[in-house]
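One-letter residues, chain by chain:
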Amino acid sequence: MESRKLYNRIGVLRRERGISRKDLAEEIGVNFQTVGYLEREEYSPSLDLALRISEFFGLPVEMIFSTEPMQPLSREVLDLRRSKGNE
Amino acid sequence: MMSWPAFQSNRRMGVVLNYFSLVLLALSIMAIEYRWVAGWPVAGLIIGLVLFVLTFVQVYGRTGLWKFVHMSLDQLDEREVQVIHHSLRVAYTFFTVLALLYILILTLGIQFFSGLTDPDGDFSLGSVMLAAFIYLSHILPASIIAWSERNVVRDN
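The number of helices and strands found in chain B is 5 helices and 0 strands. Buried positions account for 39% of the 156 residues belonging to chain B. Expressed as a percentage of contacts within chain B between residues at least 6 apart in sequence, the contacts between residues at least 24 apart total 75%. On chain B, roughly 9200 Å² of surface is accessible, and the fraction owed to carbon and sulfur atoms is 71%.

In structure tokens, the structure reads:
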């Protein structure tokens, strides 16, 4: 069975928090090259690793990973504000 | 500055040269053992040995690939375990095909070219080919990773 491609925001979140790949790798318990593969979306993590990443960033897993190409966070915030304004 | 083995094309060239040197070494030793031709086997032996050591150090030593494929799975993360499993699966296929091909060549050699074998006309596996096959079984997974992976220079 062919698995679906997973898109993620790991690179954006890491840069936003000013952490190096090496530091993130140490925190989530992988080799630093694996962080590079994850950020380039060349490797889809296991559920355990995805949960460790979401725990590290303190965000729900669906905010970091998606099976659809991810929009910029600023765009999502804007959409959220607009939808709240319409309520 | 990136090192020589950090580039995939360089590593691929190194892998090819390493296998070429292995064949050159094996042929040179067999040529000496079976007294095929006088003279060139010594030159082949020296060139093969130098090339073999150089390419081995560059492709498998400096990249950490030799160590990587012989590491305990507990020391690897989930992506690395997947890479190792894939390389072992491909290596197993290659090794089986090569071993079967060698047996076929041995059989044909005994049937049709007994003059090329040892002075008694016997074509056996021999210590040279045995050593080459043992080396191959260890190096094949590492060479598959060196060939196919973009980043292999590992920080241990």
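Text resumes after the structure shown.
Looking now at the environment of N8 of chain A. Residues and elements named next belong to chain A. Looking at the element boundaries, N8 is found in strand β1 (residues 7-8). Separated by 10 residues in the primary sequence, N8 and G18 have C-alpha atoms spaced 18 Å apart. Not counting the four nearest positions on each side in its chain, N8 is found in contact with L38, E39, E41, I64, F65 and M70. Of note is the side chain of N8, whose polar atom sits 2.9 Å from the backbone nitrogen of I10.

Now for the confidence of the model for chain B. Looking at chain B, pLDDT values average 84 and 83% of them are 70 or higher. Our summary of model confidence lists the complex with pTM equal to 0.79 and ipTM equal to 0.81.

Let's shift gears to the side chain of R14 of chain A. Residues and elements named next belong to chain A. Secondary-structure assignment places R14 in helix α1 (residues 10-16). Given the relative accessible area of 10%, R14 is considered buried. With sequence-adjacent residues up to four places away left out, R14 is seen in contact with I19, S20, R21, L24, E39 and F57.

All names here are of chain B. Residues V97, L98, L101, L104, I105 and L108 make up a contiguous nonpolar surface patch of about 510 Å² in total accessible area. Looking at where L108 falls in the secondary structure, it is placed in helix α4 (residues 78-112). According to the relative accessible area criterion, L108 is partly exposed, its value standing at 40%.

Time to look at unusual backbone geometry. The backbone of E41 of chain A sits at a positive phi, close to 60°, despite the residue not being glycine. Among the residues examined, E41 of chain A registers a relative accessible area of 23% and is labelled partly exposed.

Residue and element names in this part refer to chain A. Relative to the elements of secondary structure, L38 occurs in helix α3 (residues 32-39). Between the alpha carbons of L38 and I10 there is a distance of 7.5 Å; along the sequence they are 28 residues apart. Once you skip the residues sitting within four places of it in the chain, L38 turns out to touch N8, I10, Y43, P45, L49 and I53.

Residue and element names in this part refer to chain B. Per the domain assignment, the segments making up chain B are domain 1 (1-70) and domain 2 (72-156). Taken together, the 29 residues of domain 1 in the interface contact 31 residues of domain 2. For the pair domain 1 and domain 2, the summed buried surface comes to about 2600 Å²; carbon and sulfur atoms form 69% of the total. It is Y19, Y34 and F68 in domain 1 that bury the most area against domain 2; as a group they hold 24% of the surface buried on that side. Our count for the contact surface shared by domain 1 and domain 2 stands at 0 salt bridges. The tally of links between domain 1 and domain 2 comes to 9 residue pairs in polar contact (both at pLDDT 80 or more). Listed by contribution, the elements that provide at least two residues to the side of domain 1 that touches domain 2 are α1 (8-33), α2 (40-61) and α3 (65-69). With 12 residues, α1 is the largest single contributor of residues to the side of domain 1 that touches domain 2. Considering only residue class, the side of domain 1 that touches domain 2 consists of 19 nonpolar, 4 polar and 6 charged.

Before going further, it helps to examine the pattern of salt bridges. Residues and elements named next belong to chain A. Going through the model one piece at a time under the given rule, you end up with 8 salt bridges over all chains. For E76, the salt bridge goes to R9, with nearest N and O atoms at 2.7 Å. With a gap of 67 residues between them, E76 in helix α6 (residues 73-86) and R9 in the loop between β1 and α1 connect regions that are remote in the sequence. On the basis of relative accessibility, which here comes to 34%, the residue E76 falls in the partly exposed class.

Criteria and cut-off values
Residues numbered from 1 in each chain as written. Chains lettered and ligands numbered in written order. Predicted model: local features only at pLDDT ≥ 70, side-chain atom pairs only at ≥ 80, totals over all residues. Heavy atoms only, no water. Helix = DSSP H or I, 4+ residues; strand = E, 2+ residues; numbered from the N terminus. Buried < 20%, exposed > 50% of the residue type's maximum accessible area, 1.4 Å probe, protein only. Contact = heavy atoms within 4.5 Å. Areas by Shrake-Rupley, 256 points an atom, 1.4 Å probe, with all protein chains shown as cover. Polar contact = N/O pair within 3.5 Å; in protein donor to acceptor, adjacent residues only side chain to side chain. pLDDT = per-residue confidence, 0-100. Patch = residues over 30% accessible without salt bridge, like charges linked within 9 Å, V, L, I, M, F, W, Y side chains within 5 Å. Salt bridge = Lys/Arg side-chain N within 4 Å of Asp/Glu carboxyl O. Domains from an automatic or database assignment. Buried area = accessible area lost by both parts, 1.4 Å probe. Nonpolar A, V, L, I, M, F, W, Y, C, P; charged D, E, K, R; others polar.

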